[in-house]
Amino acid sequence: MVLLRSLLGDVLRALRLRQGRTLREVSAAARVSLGYLSEVERGQKEASSELLSSICKALGVPLSHVLREVADQLALAELQHEPVMAGPPPEHERISTDTVPDSPEEIAGEFRADMVAA
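These numbers were taken from a predicted model, which means no experiment stands behind them.

A. Structural detail: the environment of serine 64. Within the secondary structure, serine 64 is located in helix H5 (residues 63–81). Classification of serine 64 by relative accessible area gives partly exposed; the value is 40%. Serine 64 sits 11 residues away from serine 53 along the chain, and the two C-alpha atoms are 9.7 Å apart.

And the structure:
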């Protein structure tokens, strides 16, 4: 099982290291103890939303960016641990190629709201 706090710590550490900053610099800017920030980065402590916001502000990165990276890593971890469906889907789940649109423009407006550009 992948712990969310571990993934979050990994993402925060990677962001800090990419910026070439030390724990001391970020902890001072975030106004959190160096030891606590270290524990958060190592996945040993669960950070509150207020603390996460402060750390993200100190790193100059939106919280939504950090959470998106965590979500992406969590999705990959889940895929690695969940069996992938092998073989063709059961007959009742098959989609006819006649119903698949040739282009995004052919998709009805009500479905386009769910689409996200990559």
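B. Layout of H5. With 19 residues, H5 ought to run about 27 Å at 1.5 Å a step, and its terminal C-alpha atoms sit 27 Å apart, in line with that. Every buried residue belonging to H5 is among Val66, Glu69, Val70 and Ala77, and all of these are buried. Down the axis of H5, the sector holding all buried residues measures 95°, keeping them to one side. The inward-facing, buried residues of H5 abut helix H1 (4–18) and helix H4 (49–59).

C. Geometry of unusual backbone geometry. Not every positive phi belongs to a glycine, and arginine 31 is a case in point at roughly 60°. Tracing the backbone through its elements, the reader meets arginine 31 in the loop between helix H2 (23–30) and helix H3 (34–41).

The rules behind the values
- Residues numbered from 1 in each chain as written.
- Predicted model: local features only at pLDDT ≥ 70, side-chain atom pairs only at ≥ 80, totals over all residues.
- Heavy atoms only, no water.
- Helix = DSSP H or I, 4+ residues; strand = E, 2+ residues; numbered from the N terminus.
- Buried < 20%, exposed > 50% of the residue type's maximum accessible area, 1.4 Å probe, protein only.
- Expected span 1.5 Å × (residues − 1).
- Arc of directions from axis to C-beta.
- Contact = heavy atoms within 4.5 Å.

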